[in-house]
Amino acid sequence: MMGSENQEAHPHASREEMQSLILDESSSSSSTSKSFSSYRSAMTTLSESHHPLSLPIATSPAESDPLLSPRPPPQHRHLQSPKSTGNPNMQPPLYFADVGAVNGIESPSPSQSLEKSSPFSRSSSSSSSEYIKIAVSNPQKEVQSSNKIVPGGNTYVTYLITTKTNLPDFGASEFSVRRRFKDVVTLSDRLVEAYRGFLIPPRPDKNVVESQVMQKQEFVEQRRVALEKYLRRLADHPVIRKSDELRVFLQVQGRLPLAASADVASRVIDGAVKLPRQLLGDAPSTIGPQDAVQPAKGGRDLLRMFKELKQYVANDWGGSRPLVDEEDKEFLEKKERLRDLEQQLSNTSQQAESLVKAQQDMGETMGELGLAFLKLTKFENEEAVLNAQRIRAADMKNVATAAVKASRYYRGLNAQTVSHLDTLHEYMGLMLSVHTAFSDRASALLTVQTLLSELSSLNSRAEKLETSSSKRFGGDRSRFRRVEELREAIRVTEDAKNCAVREYQRIKENNRIEIERLDAERKADFLSMLKGFVTNQVFYSEKIGNEWAKVAEATSGYERESS
Amino acid sequence: MQQRSFSGVSQSPRSPSKQPPYLAVSVTDPAKMGNGVQAYISYKVITKTNLPEYQGLEKIVIRRYSDFVWLRDRLFEKYKGIFIPPLPEKSTVGTNKALSCAEKFRFTAEFIEMRRQALDIFVNRIASHHELQQSEDLRIFLQADEQTMERARSQETGIFKKKPADLMQIFKDVQSRVSDVVLGKEKPVEESNPDYEKLKRYVFELEDHLAEAQKHAYRLVKRHRELGQSLSDFGRAVKLLGACEGEALGKAFSELGTKSEMLSVKLQKEAQHLLMNFEEPLKDYVRAVHSVKGTIAERAAAFRQHCDLAETIKLKEIDLNKLRLTRSERTVDAEHEYEELKADGEEARRRFEMIVRLMNEEMVRFQEEKTLDVGLAFHEFAKGQSRLANAIADAWRSLLPKLEACSSS
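Residues numbered from 1 in each chain as written. Chains lettered and ligands numbered in written order. Predicted model: local features only at pLDDT ≥ 70, side-chain atom pairs only at ≥ 80, totals over all residues. Heavy atoms only, no water.

Considering the overall build of chain B
- Secondary structure summary: chain B contains nine helices and three strands in total.
- Helices and strands appear in chain B in the N-to-C order β-β-β-α-α-α-α-α-α-α-α-α.
- Buried residues in chain B amount to 47% of all 409 residues.
- Within chain B, counting contacts between residues at least 6 apart in sequence, those at least 24 apart form 75% of the total. (Helix = DSSP H or I, 4+ residues; strand = E, 2+ residues; numbered from the N terminus. Buried < 20%, exposed > 50% of the residue type's maximum accessible area, 1.4 Å probe, protein only. Contact = heavy atoms within 4.5 Å.)

Written out as C-alpha cells, the structure reads:
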C-alpha cells in the first residue's frame with residue numbers, strides 16, 4: 001500500500017560506505033594528531049612505569065618523607081603537558097556498536113551518523129596510523145571435557161574475537177582467538193588489579209541465570225554485543241590498550257594465560273590457614289614491600305586485612321588524626337563534583353528514558369490511527385453509492401498515508417535518539433569505574449597509614465626493649481636477639497612503607513590524569529551527543545512537517561468553504 | 001408539512017421585501033448555576049432572524065442541556081425519516097477516565113467549551129435544515145421564556161423516549177431472520193429491499209470503523225500531552241546537569257533544557273487543538289451515525305405497523321365477507337370498523353413511504369455534510385501537525401550554531 005515508500009532515495013549509506021568515509025576523514029584530521037600523540041606518548045611513559053613489582057623511579061631523600069605535599073614528584077612532570085590542551089578536537093569515542101538504521105527510513109546525512117555508528121575505535125581518526133579494531137562474533141557451544149567428578153562435561157559458549165591492529169607490540173596485524181565469558185571476567189579482574197587508580201571500563205554483568213537461558217539465542221546475542229562494546233572500550237583506553245593482559249587476551253591461542261581469579265572462599269581459606277602461623281611467628285607477620293603495593297582486600301593475608309581494618313576504624317573513631325591524610329583539596333572538590341555529576345546523570349538518564357518512551361508511543365498511536373483510516377477508506381470505497389463518499393475516501397487516504405509515514409519517521413527518530421542519549425548511560429557506567437579508581441586510592445592510603453602506625457609501634461617497642469635491658473641481669477643475649485629481630489622487622493616495614501607511599505603517589509597521579517581525561521572526553525562526548533540529538537530532531541521534524549503540509553494544502557478547500 | 005424555501009420573499013411588513021430571509025443562532029457564555037448536586041451549566045442562546053414567525057430581530061434566552069435534549073426528542077418524534085443532528089453526551093465519565101485528578105479541573109473548563117461548541121453546531125444544523133427549521137418546537141426552544149420552557153420540558157418525561165427494545169430489534173433484523181422463522185411468522189417483518197439491506201449494513205459497519213478511528217484519535221491527544229510532559233521533565237533534568245558541568249558545555253545543556261521546556265508548552269497547546277478540532281468532529285460523526293440508526297429503527301417500526309395493519313385488514317375483509325353472506329346484524333358495525341381500518345392502513349402506508357422518501361434524500365444530504373465536516377477536521381489535523389513539526393524543527397535548529405560554537409571554543 002505504501003508504494004511511494006520504496007521509491008524514496010536512500011541517502012543512508014551502507015555500513016561499508018560509511019567506513020570508507022571515516023577512513024577518508026581520519027587521514028585529513030592531521031590537526032588533531034599532534035596534540036593527541038603527545039598525550040599518547042605521555043601515557044605510554046606512564047604505562048611503562050606502572051608495573052607494581054618494578055621500582056624504576058629512584059626516590060630522592062625529599063620524597064621519602066611520608067608527609068609529602070600533594071605536588072607529584074618531578075619525574076612525572078612531563079606528563080603535565082597534555083593537561084592544558086584538553087583536546088577539544090578529539091573525535092568523540094564511539095562507545096556503542098553500530099546502530100542499524102530502521103529499514104526503509106532515511107536517516108540523517110552520513111556525516112552525522114558517522115559520529116556514532118562507526119565500529120572503529122576512537123584512535124583511528126586522530127593519530128596517524130595507530131588502531132585496534134575488535135569484533136566479536138560467531139558464538140559457539142562447546143563442551144568442557146569432563147572432570148572426573150561430573151560425568152558429561154558442562155557446556156559453555158565461546159566467541160570468536162577478531163582483532164585488526166598495527167600496534168607494534170602485537171607483532172601481527174590480524175588475528176583471532178576463541179574466548180569464553182569466564183575469560184573476560186579474568187581479564188577484567190587482572191586489569192583492575194594491575195591498573196589501580198585508572199578508570200577501567202566496567203565489564204559486562206555476569207548474569208546469574210540458569211543454564212537453559214544461557215544458551216538461548218537472545219541471551220547469547222546480548223552478551224556478544226556487550227562483550228564487543230567492552231573490548232572496544234578497553235582498546236580505546238590509552239593505557240590499557242597497550243597492556244600485556246589485553247594483548248595476551250586478544251592474541252594467545254588456546255587457554256588464556258592469565259591467572260584465574262580465585263573465588264573468595266578459597267582465598268579466605270588460604271588466609272585462615274596462614275593466620276595462626278602468622279600469630280605464632282612461623283609465617284611472616286610483617287607486610288613485605290611486594291605486598292605493600294597490592295591492596296589487602298581480596299588478598300590471602302588475613303592478618304594484614306585485620307591490621308588495616310583496625311587502622312580504618314582508628315581513623316574514623318579514634319579521634320587521632322592518621323599520620324598521612326587525604327589533603328589534596330583539589331581532589332576532594334573533584335570528588336564532590338563527580339558525585340553531583342553522577343546524581344544528575346542518573347536523573348537525566350531517567351528522563352531521557354521517559355522521553356524515548358513518549359516518542360515511541362506517539363509513533364505507535366499515529367500508526368494505528370493511520371491504519372484505522374486506511375480501513376475506513378477501503379470500506380467507503382467498496383460501499384460507495386454517492387460521490388461524496390468517494391471524495392471523503394480520497395481525503396481520508398491522504399491523511400492515513402501521511403499518518404503512517406509520520407509514524408515511521410517517529411520510529412526512525414526514536415532509534416537515533418536512543419543511540420545518542422545512550423551516551424548518558426555510558427557515562428553512568430563509567431562512574432562505577434571512578435568509584436573503583438577512588439577506592440584504589442583510599443585503600444593505598446590506608447596501607448600507608450597502617451604501615452606508618454606499625455612502624456611507630458615497632459619503633460617504640462624497640463626503644464623500650466633497648467632501654468629496659470640495662471636493668472636486667474643475664475638476659476642480654478636473648479634481649480639482643482629480640483632487638484635484632486625487631487630491627488629487622490623495622491627495616492622490612494620501612495621498605496614496605498616506602499613502597500606503599502610510592503604506590504599511593506602513583507595511584508594519586510593516575511587518578512588525576514584519568515579524571516582529566518574523563519573530563520575532556522566527557523565534554524566532547526556530551527557535545528557530540530547534544531549535536532546528534534538536535535540534528536536528529538531537526539531532520540525528522542522537517543520530514544514530518546512536510547508530509548502534513550502536503551495534506552493541509554490538499555484539504556485547504558474545506559477551510560474556505562466553511563468560513 | 002409545508003414546503004417552504006427561503007428563496008421566496010417574505011410579505012411581513014416588518015421585514016423589507018428586498019432582504020433575504022435568514023435565521024442565525026449561536027450558543028454562547030456557559031455559566032455555572034446553582035450549587036452542589038443541583039449545579040448545572042446554562043448557556044445563552046442568541047437568535048437573529050427576520051422571519052415573520054419569530055418575535056423580533058434578535059432574541060436571547062437562557063437554556064440548559066436538558067432543554068436541548070427536549071428539542072432533540074421532539075424533533076425525533078415529529079420528523080420521522082430525517083436524521084436529527086446529534087447531541088453531545090450527557091456525562092463526562094466515559095471520556096476522562098484516563099485523566100488524573102489534577103487534570104480533571106482543566107478538563108472541566110475544556111469540556112464545557114467542547115460542549116458549548118457541540119451544542120452550537122447542533123442548533124445551527126437544525127436551523128439550516130430545510131425541514132427542521134420550520135419546526136414549532138424549534139421556535140419554542142429559541143424564544144420561549146424560561147418558565148414556559150421548563151413546563152414544556154417536564155411534560156415530556158418518558159413518553160417519547162426511544163425504547164432500547166426497538167434498537168435491539170433493528171440489530172436482530174440486520175443479523176438474521178432465523179428467529180422469525182422459528183417463531184412461525186411466515187410474513188416478512190422487514191423490507192425485502194436489497195439496497196436498503198446494503199444501506200443498513202453500511203451504517204452498522206461504518207459506526208464500528210469510525211469508533212475505532214475516534215479511539216485512536218483520542219489516544220493521539222493523550223500522547224501529545226505525555227510527550228509534552230516528558231519534554232518538560234527532560235528539559236529540567238538537562239538544565240540541572242548543565243549546572244553541574246559548567247562553562248560552555250553547561251550553557252549548551254541549559255539552552256537545550258530551555259528549548260525542551262518551550263516545546264513542551266507547544267505540545268500541550270497542540271493536544272488541545274487536536275482534541276477540539278479533530279477528535280471531537282470524529283466523535284460527532286459517530287453520534288450522527290447513531291442518529292441514522294435511530295431513523296432506521298423508526299422506519300422498521302413504521303414498516304411493521306403498516307404490515308400489521310395490512311394483515312389485520314385482510315383478515316377483517318374475510319370476516320366481513322362472511323358476515324355479509326350470513327346477513328348478520330353485526331355487518332354494519334363490521335363495515336364501519338373495516339373502513340376505519342382501511343383509513344388507518346392507508347395512513348400507515350403513507351407514513352412509511354414518506355419515511356422511505358425522506359431517508360433517501362437525507363442519506364444524500366448526510367454524506368455530503370459528513371464529507372465537508374470530516375474534510376475540515378482533516379485539514380485542521382494536518383495544519384496542526386505541520387505547525388507543530390515546524391515549530392519543533394525551528395526550535396532545535398536554532399540551537400545548532402550555538403553547539404557548533406561550543407565545540408570550536
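Re the overall build of chain A
- The helix and strand tally for chain A stands at 16 helices and three strands.
- Here chain A holds 563 residues, and 50% of them are scored as buried.
- By element, 53% of the accessible surface of chain A is carried by carbon and sulfur atoms, the whole surface being about 27800 Å². (Areas by Shrake-Rupley, 256 points an atom, 1.4 Å probe, with all protein chains shown as cover.)

Observations concerning the interface of chain A and chain B
- Contact with chain A, which involves 63 residues of that partner, is made by 66 residues of chain B.
- Across the interface of chain A and chain B, roughly 5700 Å² is buried in total on both sides, 74% from carbon and sulfur atoms.
- Ranking the residues of chain A by area buried against chain B places A:Met362, A:Phe379 and A:Arg392 at the top, with a combined share of 11%.
- Applying the counting rule to chain A against chain B returns eight salt bridges.
- The salt bridge involving A:Glu368 is made with B:Arg219; its shortest N-O contact spans 3.5 Å.
- For the pair chain A and chain B, the interface holds 17 residue pairs in polar contact (both at pLDDT 80 or more).
- Only α13 (329-383), α14 (387-469), α15 (476-554) and α16 (556-562) of chain A provide two or more residues apiece to the side of chain A that touches chain B.
- Among the elements that make up the side of chain A that touches chain B, the one with the highest residue count is α13(A) (25 residues).
- Tallied by class, the residues present in the side of chain A that touches chain B amount to 34 nonpolar, 15 polar and 14 charged. (Buried area = accessible area lost by both parts, 1.4 Å probe. Salt bridge = Lys/Arg side-chain N within 4 Å of Asp/Glu carboxyl O. Polar contact = N/O pair within 3.5 Å; in protein donor to acceptor, adjacent residues only side chain to side chain. Nonpolar A, V, L, I, M, F, W, Y, C, P; charged D, E, K, R; others polar.)

Considering helix α6 (residues 181-194) of chain A
Residues and elements named next belong to chain A.
- The end-to-end C-alpha distance of α6, which contains 14 residues, comes to 20 Å, matching closely the 20 Å that a straight helix rising 1.5 Å per residue would cover.
- Among the residues of α6, those classed as buried are Phe181, Asp183, Val184, Val185, Thr186, Leu187, Ser188, Arg190, Leu191 and Ala194.
- Close packing links the buried residues of α6 with β2 (155-165), β3 (174-180), α8 (217-236) and α9 (244-251). (Expected span 1.5 Å × (residues − 1).)

Digging into the confidence of the model for chain B
Residue and element names in this part refer to chain B.
- Predicted confidence across chain B gives a mean pLDDT of 84, with 83% of residues reaching 70 or more.
- Mean pLDDT in chain B bottoms out at helix α6 (residues 178-182), which sits at 48, and peaks at helix α7 (residues 194-245), which reaches 94.
- In this model residues 1-12 is a low-confidence stretch, pLDDT under 50, and it forms 17 contacts with partners more than four residues away in sequence or in other chains.
- Across residues 93-97 the pLDDT falls below 50, and counting only partners more than four positions away or on other chains, this stretch makes six contacts in the model.
- Scoring of the predicted complex yields 0.74 for pTM and 0.84 for ipTM. (pLDDT = per-residue confidence, 0-100.)

What about the packing of aromatic side chains?
- Within this structure, the stated rule accounts for 21 aromatic pairs over all chains.
- Between A:Phe373 and B:Phe278, the aromatic rings sit 6.1 Å apart at their centres with planes inclined by 65 degrees, giving edge-to-face as the arrangement. Highlighted residues: A:Phe373 in helix α13 and B:Phe278 in helix α8 (residues 247-326), drawn from two different chains.
- The class for A:Phe373 is buried, based on a relative accessible area of 0%. (Phe/Tyr/Trp six-rings, centres within 6.5 Å; stacked < 30°, edge-to-face > 60°.)

Examining the sheet that holds β3(A)
All names here are of chain A.
- Spatial ordering of the open sheet is given by β1-β2-β3, a layout of three strands whose pairing is antiparallel. Both edges of this open sheet fall to β1 (132-143) and β3, since each of them pairs with a single strand only. On average, adjacent strands in this sheet sit at an angle of 20 degrees to one another, irrespective of strand direction.
- Strand direction decides the pairing type here: β2 and β3, joined by seven bridges, are antiparallel. Paired with Leu160 across the two strands is Arg178, which belongs to β3.
- Contacting β2 and β3, α6 runs over the sheet at an angle of about 100 degrees to β3.
- On top of the sheet, α8 reaches β1 and β2; it is set at about 145 degrees to β1, its chief contact. (Pairing = 2+ DSSP bridges. Axes fitted to C-alpha atoms, helices over the stretch in contact; angles between N-to-C directions.)

Considerations on a nonpolar patch on the surface
Residue and element names in this part refer to chain A.
- Together, Leu309, Tyr312 and Val313 make up an exposed nonpolar region whose accessible area comes to about 280 Å².
- With respect to the helices and strands, Tyr312 occurs in helix α12 (residues 302-317).
- The partly exposed category is assigned to Tyr312, whose relative accessible area is 45%. (Patch = residues over 30% accessible without salt bridge, like charges linked within 9 Å, V, L, I, M, F, W, Y side chains within 5 Å.)

Concerning the environment of A:Gln389
- Here A:Gln389 is to be found in helix α14.
- A sequence separation of twelve residues divides A:Gln389 from A:Thr377, and the C-alpha atoms of the two residues are 9.3 Å apart.
- If near-sequence neighbours (up to four positions away) are discounted, A:Gln389 is found in contact with A:Glu380, A:Glu383, A:Ala384, B:Tyr202, B:Gln367 and B:Thr371.
- Separated by 3.1 Å, the side chains of A:Gln389 and B:Tyr202 make a polar contact.

Describing the nonpolar core
- Counting residues in hydrophobic clusters, the biggest one holds 101 residues, and the most contacted among them are A:Phe373, A:Trp548, B:Leu256, B:Phe278, B:Phe381 and B:Trp396.
- Of all the secondary structure elements, the ones that give two or more residues to this core are α13, α14 and α15 of chain A together with α7, α8 and α9 (331-408) of chain B.
- Apart from residues no more than four positions distant in its own chain, A:Trp548 is found in contact with A:Met366, A:Val399, A:Ala402, A:Ala403, A:Ala406, B:Phe381, B:Ala382, B:Gln385 and B:Ser386. (Core = buried A, V, L, I, M, F, W, Y, C linked by side-chain atoms within 4.5 Å.)

With respect to unusual backbone geometry
- In this model, A:Asn138 sits at a positive phi of 55 degrees, which is unusual for a non-glycine residue.
- Within the fold, A:Asn138 resides in strand β1.
- Unusually for a residue other than glycine, B:Asp29 sits at a positive phi of about 50 degrees.
- Checked against the element boundaries, B:Asp29 lands in strand β1 (residues 23-33).
- We classify B:Asp29 as partly exposed; its relative accessible area is 46%.

Section: the packing of α13(A) against α8(B)
- Interhelical geometry of α13(A) versus α8(B) gives an angle of 25 degrees and a closest axis separation of 16 Å. When the axes of α13(A) and α8(B) are compared, the pair comes out roughly parallel. Here α13(A) and α8(B) pass one another in a crossing that is left-handed. Two secondary-structure elements touch here, α13(A) through A:Met362, A:Leu369, A:Phe373 and A:Glu380 and α8(B) through B:Leu267, B:Phe278, B:Leu282 and B:Tyr285.
- Counted by class, the contact of α13(A) with α8(B) contains seven nonpolar, no polar and one charged residues. (Parallel < 35°, antiparallel > 145°, perpendicular 65-115°, else oblique. Left-handed = near helix turned anticlockwise from the far one by under 90°.)

Structural notes on α7(B)
All names here are of chain B.
- Over its 52 residues, α7 extends 75 Å from the first C-alpha to the last, a length consistent with the 76 Å expected when each residue adds 1.5 Å.
- Capping of α7 at its N-terminal end is provided by Asn193; its side-chain oxygen lies 3.1 Å from the backbone amide nitrogen of Asp195.
- Positive backbone phi, approximately 75 degrees, marks Gly246, located one or two places after α7.

Observations concerning the pattern of salt bridges
Residue and element names in this part refer to chain B.
- Taken as a whole and assessed by the stated rule, the structure comprises 71 salt bridges over all chains.
- We note a salt bridge from Asp29 to Lys44, for which the minimum N-O separation is 3.2 Å. With Asp29 in strand β1 and Lys44 in strand β2 (residues 40-49), this pair connects stretches of sequence that are 15 residues apart.
- A salt bridge links Arg125 to Glu369; the shortest N-O distance between them is 3.6 Å.

Focus: the confidence of the model for chain A
- When pLDDT is averaged along chain A, the result is 74; 67% of the residues meet or exceed 70.
- In the predicted structure, residues 1-127 of chain A sits below a pLDDT of 50 and forms 184 contacts with residues beyond four places in sequence or in another chain.

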